[in-house]
Amino acid sequence: MSGNLRLVASAVAALMCASPLRAQAQVTSQRLAAAASEPQNWLTYSGGYKSERYSSLDQITPANVKNLKLQWVYQSPVAGNWQTTPLVVDGVMYLTQRLNDVVALDATTGRAFWMYRYTPAQDRIVCCGANNRGLAILGNTLFMGTLDAQLIAIDARTGRPIWKTEVATTRDGYSITHAPLVVKDKVIVGVGGGEYGIRGFIAAYDAATGKEAWRFYTIPAPGEPGSETWEACPKAATAFCDPEAWKHGGGSIWMTGSYDPQLNLTYWGVGNVGPDYNGAQRPGDNLYTDSVVALDADTGKLKWHYQFTPHDVYDYDAVQVPVLIDNWNRNGINVIAWANRNGNFYVIDRATGRFFLGEPFVKVNWMSGFDERGRPMQTPQPAGQPTYPGNQGGTNWYSPSFSPRTGLFYISAWEDYASIYSPAPSEYKVGSNFVGGGPQNFSAVPGAPGLGRSPINTWTEAAGHGAVIALDAGSGREKWKFKMTDVTDSGILTTASDLLFTGGREGFFQALDARTGALLWKTNLGAAINSGPITYRIGSRQYVSIVSGLSLFVFALDE
Amino acid sequence: MRSVPAVIAGVLIWIGLATAAGDAQAPLHDNQYSDADIAHGAALYAARCVTCHGTQGDAIGGVNLRSGTFRNAVIDRDLERFIRAGSAAGMPAFALDTGDMAGIVAYLRNMNAFDAAAVKTGDAARGRALFTGKGACAGCHRVGAAGAITGPNLTDIGAVRSAGSLQRSLVDPVSQMMPINRPVRLVRQDGTVVSGRRLNEDTYSLQVIDEGGSLRSFLKSDLREYTVSTTSPMPSYRNTLSGDELADVLAYLLSLKGQL
């Protein structure tokens, strides 16, 4: 080392000891609550407690978006359906990759600082792939739920584990696939396993120690409020009818909730009832499956609930991210906007749970409308006939976006898509599939393939197609639609320059005009996009990132 | 791995076409099975299952396949899973392709009602001769290196289509044309017209094989017209081949498993 360099290095070391660099600043709960005021970062799974996936960054505009250039690519060494959304904190990107790895990258260059690998138990039981959708952060600690139902705290500077808590027993069918939500000094997380007869719950853990602070079961025990919706089912009446069906009633949590600091309520979407399709085994509404629950963030106590699909037999999980909108229709009321898997768009008072609005955004024939309290009037289809929307829903877990500038709510939707349901008795066995029959993709052309995953689209328009649908959040009416040939599992991002970024199964990453839906820019990334885009800023430069296939791509305008 | 011995093709059986013609609607759910699938499944059963389960399906104690209900399988998908996985009790795993699985499940569901005496047997060797000769199938379809490439390639058609679907294809081709295979007609912005068969499509582009056999890709923004035809250029063989000949062609098609 030359003398001059040695001198500079000493000076830098002295500086680091004297005053911590910005890169080492703590992510306080106050910063999380005010995430919108630091758009250079992406501090929670959905970008902030309102889960709008809206950023006030505006360097990339409708006029210059065509000049976006690829800046760097990070390739995951692990094959599979990569659903993660990264966090970006003061220049460092933290992301999960399958199975349960965490990687810290320089958000400017994509070079790694560290990697933490957690190997989930071999006897884990997880439905639908080894998915992990992301992390939460508080202080200098990252939090990850694992496929074998552990919650792990990781030092964000070193990538070393700090504590690990068993949330549930994986051998009983429990797992964690979503990003946790940090509220004040607690880490909130729920359990997956709705296809394995679990009894779902949401729980909060002390961020410093991992000690459980509260737990809310999404399936009430006998005597608790809501237990009356699990009606008696005499063993003789139906095969495998279980008088204690609630013990295996599902109600999984597999998407991250939202939080209202003023009301101190945290909102979570609850998954399907078990067994999924055979309603005869579990008569009643089956609360709180397919519901949104509003919980006191300090105690976990239920404040209110709204059930989107009572007595679901279609697997219409309410696993969508709750999007919080203030001053809805300029009437001073703060609401939750929700595009549900069951094909309806809802607006609900987030203080009381009162139903304001329900409008279908795709073809729906499982119900014909709502009563005055917002209960759907169900219209089950005859055996062998198609039910709209199909099993994967009018939308699913794909993050929607709300732009306060346009007043539009943006949904990744599946249109003209149906399933035919064949319920069948299903016996509960610990850790075994407990679904009660199964759906079949409907195609208007006999024998044609249903919706699939392949670079060759053999199912075509006969099986359904994808779209970005922009709804007026005040009325639920469609403002514009961007149709795709294949379906989409991509999340959506909007920005203050009225840009909308999204992907799809075809592998295109595209920018639309958020006001009109006009295509402004696209690039073919070569593999299906199964997660949501985010945006962040380093110095004066705005970046947009998206995962496609096994790679994370980052774009920006050339300097 | 090839899943069905070649000999099976020679013992295929065929139910009269009168019923097949009225059965153009494909099964919509698990409880509807075509006669051709049941018959194909019966042949597979005779070749691969009968040694252990017996002709009456009751040779293993406690297992009666003719009952139509199964201890480890409620819906057809369970049955398929079980057959693919085998059992700890000693049943081997069977790696059946789509067409064979559809057949064996259809047969197991209908074993009790199935009358083997009422069916005709097709011959794959005779069917092959009809394919290239009287039927002129090779004028549009290719198997291996022989035949034209304008129609869908049939080299593995016996692995990807069920017997019932192939049977209906021969007598009512429109009902069985996969949407991806539909003929397309494109008019480009400069007025040139391209006709061909669709191979793939996304939001922005379209891939076809044109009438001259060239692979071509088009941006939708460069097209003035894009028409997808719902009628098939394939003729119905209902009146041009006899019932026995159709049975032979079906036997040949079912023998095409993608192995040369």
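The structure displayed is predicted, hence computed values, not measured ones. All residue numbers refer to position in the chain's written sequence, counted from 1. Ligands are numbered from 1 and chains lettered from A, in the order in which they are written. Only residues with pLDDT of at least 70 get local features here, since the model is predicted, and only at 80 or more are side-chain atom pairs given and counted; chain-wide, interface and lining totals rely on the full set of residues.

1. What about the overall build of chain B?
1) Next: A count of helices and strands for chain B gives 11 helices and nine strands.
2) Next: Expressed as a percentage of its 260 residues, the buried residues of chain B come to 37%.
3) Next: A sequence separation of at least 24 residues applies to 66% of the contacts in chain B between residues at least 6 apart. What counts as a helix is a DSSP run of H or I of at least four residues, what counts as a strand is a run of E of at least two, and both are numbered from the N terminus. With C-beta atoms placed from the backbone, a residue is buried if 20 or more other C-beta atoms are within 10 Å of its own, exposed if 12 or fewer are, and partly exposed between those counts. Once C-beta atoms are placed from the backbone, any two residues with those atoms within 7 Å are in contact.

2. A few points about unusual backbone geometry
Residue and element names in this part refer to chain A.
1) Next: Residues arginine 98 and leucine 99 are joined by a peptide bond in cis, for which omega reads -5°.
2) Next: Of note, leucine 99 is situated in the loop between strand 4 (92-97) and strand 5 (100-106).
3) Next: Cis peptide bonds are those with omega within 30 degrees of zero, and the linkage from glycine 274 to proline 275 qualifies with -5°.
4) Next: Within the secondary structure, proline 275 sits in the loop between strand 16 (265-269) and strand 17 (291-296).
5) Next: The phi dihedral of asparagine 264 falls on the positive side, at around 55°, and the residue is not glycine.
6) Next: Counting through the fold element by element, asparagine 264 comes out in the loop between strand 15 (258-260) and strand 16.
7) Next: The backbone of aspartate 315 sits at a positive phi, close to 65°, despite the residue not being glycine.
8) Next: Mapped onto the fold, aspartate 315 is located in the loop between strand 18 (302-307) and strand 19 (323-328).
9) Next: Judged by C-beta crowding, with 26 C-beta atoms within 10 Å, aspartate 315 ranks as buried.

3. Details of the pairing of strand 16 of chain A
Residues and elements named next belong to chain A.
1) Next: Taking burial as the measure, the five residues of strand 16 include five buried ones, the bulk of the element.
2) Next: Covered by surrounding structure in strand 16 are Leu265, Tyr267 and Gly269 together with Thr266 and Trp268, the residues of both alternating faces.
3) Next: Bridge count for strand 15 against strand 16 is three bridges, and the pairing is antiparallel. Its bridge partner lying in strand 16, serine 258 is registered against tyrosine 267.
4) Next: Following DSSP output, two strands are said to pair if at least two bridges run between them. Linking strand 15 to strand 16, which pair antiparallel, is a turn of four residues; within it asparagine 264 sits at a positive phi near 55°.

4. With respect to the environment of Gln150(A)
All names here are of chain A.
1) Next: Along the chain, glutamine 150 turns up in strand 9 (residues 150-155).
2) Next: On the basis of neighbour count, glutamine 150 is assigned to the buried category, with 22 C-beta atoms found within 10 Å.
3) Next: The sequence separation of glutamine 150 and glutamine 542 amounts to 392 residues, and the corresponding C-alpha distance is 35 Å.
4) Next: Excluding residues within four positions of it along the chain, glutamine 150 makes contact with Lys164, Thr165, Glu166 and Val167.

5. Let's talk about the interface of chain A and chain B
1) Next: Across the contact, 23 residues belong to chain A and 18 residues belong to chain B.
2) Next: Among the elements of the structure, strand 27 (419-423), strand 28 (437-441) and helix 3 (460-463) of chain A are those that each provide at least two residues to the side of chain A that touches chain B.
3) Next: In the side of chain A that touches chain B, the residues fall into 10 nonpolar, 10 polar and three charged. Only Asp, Glu, Lys and Arg are considered charged in this grouping, and only Ala, Val, Leu, Ile, Met, Phe, Trp, Tyr, Cys and Pro are considered nonpolar; every other residue, Gly among them, is considered polar.

6. Observations concerning the nonpolar core
1) Next: By our criterion, buried Ala, Val, Leu, Ile, Met, Phe, Trp, Tyr and Cys residues that link up through C-beta atoms within 7 Å make up a nonpolar core. Counting 160 residues, the largest nonpolar core has Tyr94(A), Leu135(A), Ile137(A), Val182(A), Val187(A) and Ala337(A) as the members making the most contacts within it.
2) Next: With six residues, strand 26 (residues 408-415) of chain A is the single largest residue contributor to this core.
3) Next: Setting aside residues up to four positions removed in sequence, Ile137(A) forms contacts with Val27(A), Leu43(A), Leu87(A), Val89(A), Leu142(A), Ala156(A) and Val182(A).
4) Next: Ala43(B), Leu250(B), Tyr252(B) and Leu254(B) belong to the second largest nonpolar core, which has 39 residues in total.

7. With respect to the sheet that holds strand 16 of chain A
All names here are of chain A.
1) Next: Taking strand neighbours across the sheet as the criterion, the four strands line up as 15-16-17-18 in an open arrangement whose pairing is antiparallel. Of all strands in the sheet, those bounded by a partner on one side alone are strand 15 and strand 18. Each strand axis lies, on average, 20° off the axis of its neighbour in the sheet, ignoring direction. Axes, fitted as lines to C-alpha atoms, cover a helix only where it is in contact. Angles between the N-to-C directions of the axes lie from 0 to 180 degrees.

8. Thoughts on helix 7 (residues 124-132) of chain B
1) Next: Listing the buried residues of helix 7 of chain B in full gives Ala124(B), Gly127(B), Arg128(B) and Phe131(B). Down the axis, helix 7 of chain B shows its buried residues gathered within 105° of arc, on one side only. The directions from the helix axis to the C-beta atoms are what the arc is built from.

9. Here we look at the packing of helix 5 (residues 76-85) of chain B against helix 6 (residues 98-110) of chain B
When two helices pack together, you describe them by how their axes are tilted relative to each other and by the distance separating the axes.
Residue and element names in this part refer to chain B.
1) Next: Remark: helix 5 packs on helix 6, axes separated minimally by 10 Å, with the N-to-C direction vectors making an angle of 115°. For helix 5 against helix 6, the interelement crossing comes out right-handed. Where helix 5 abuts helix 6, its residues Asp76, Leu79, Glu80 and Ile83 lie against Met101, Ile104, Val105 and Leu108.
2) Next: A per-class count over the contact of helix 5 with helix 6 returns six nonpolar, no polar and two charged. Less than a right angle of anticlockwise turn of the near helix away from the far helix marks a crossing as left-handed, whereas a clockwise turn marks it as right-handed.

10. Things to note about helix 3 (residues 35-48) of chain B
All names here are of chain B.
1) Next: One less than the number of residues in a helix, times 1.5 Å, gives the span that helix is expected to have. Counted at 1.5 Å a residue, the expected span for helix 3 with its 14 residues is 20 Å, and the 20 Å between its end C-alpha atoms agrees.
2) Next: In terms of residue burial, helix 3 counts as a mostly covered element, since 11 of its 14 residues are buried.
3) Next: Asp35, Ala36, Asp37, Ile38, Ala39, His40, Gly41, Ala42, Ala43, Leu44 and Tyr45 are the residues of helix 3 that are buried.

11. A short note on the sheet that holds strand 32 (residues 499-502) of chain A
Paired through their backbone hydrogen bonds, the strands of a sheet run either parallel or antiparallel.
Residue and element names in this part refer to chain A.
1) Next: Here five strands make up an open sheet; going across it, the order is 1-31-32-33-34 and the pairing mixed. Since the sheet does not close on itself, it has two edges, and those belong to strand 1 (54-55) and strand 34 (519-524), each with one partner.
2) Next: Both strand 32 and strand 33 (residues 508-513) contribute to a ladder of four bridges, which runs antiparallel. When the bridges of strand 33 are listed, phenylalanine 501 appears paired with alanine 511.

12. Re the environment of Leu79(B)
Residues and elements named next belong to chain B.
1) Next: Within the secondary structure layout, leucine 79 lies in helix 5.
2) Next: On the neighbour-count criterion, leucine 79 (19 C-beta atoms within 10 Å) is partly exposed.
3) Next: For the pair leucine 79 and threonine 231, spaced 152 residues apart in sequence, the C-alpha to C-alpha distance is 35 Å.

13. Quick word on the confidence of the model for chain A
1) Next: pLDDT measures the predictor's confidence residue by residue and takes values from 0 up to 100. On average, residues of chain A score 93 in pLDDT, and 95% of them are at 70 or above.
2) Next: Contacts from residues 9-23 of chain A, a stretch scored under 50 in pLDDT, to residues over four places away or in other chains number six contacts.

14. Some words on the environment of Arg541(A)
Residue and element names in this part refer to chain A.
1) Next: Take arginine 541: it is sitting in strand 36 (residues 541-548).
2) Next: Classification of arginine 541 as partly exposed rests on a count of 16 C-beta atoms within 10 Å.
3) Next: Distance from arginine 541 to glutamine 59, taken between C-alpha atoms, is 7.5 Å for residues 482 residues apart in sequence.
4) Next: Not counting residues up to four positions away in its chain, the partners in contact with arginine 541 are Ala556 and Glu559.

15. A closer look at the packing of helix 3 of chain B against helix 9 (residues 163-171) of chain B
Residues and elements named next belong to chain B.
1) Next: Look at helix 3 against helix 9: their axes get within 7 Å of each other, and the N-to-C directions meet at 130°. Considered as vectors, helix 3 and helix 9 are oriented oblique to each other. Judged by the twist between their axes, the crossing of helix 3 over helix 9 is right-handed. From helix 3, Ala36, Asp37, Ala39 and His40 reach across to helix 9, where they touch Ala163, Gly164 and Gln167.
2) Next: Within the contact of helix 3 with helix 9, the residues separate by chemical class into three nonpolar, three polar and one charged. An angle counts as roughly parallel when it lies under 35 degrees, as roughly antiparallel when it exceeds 145, as roughly perpendicular when it falls between 65 and 115, and as oblique in every other case.

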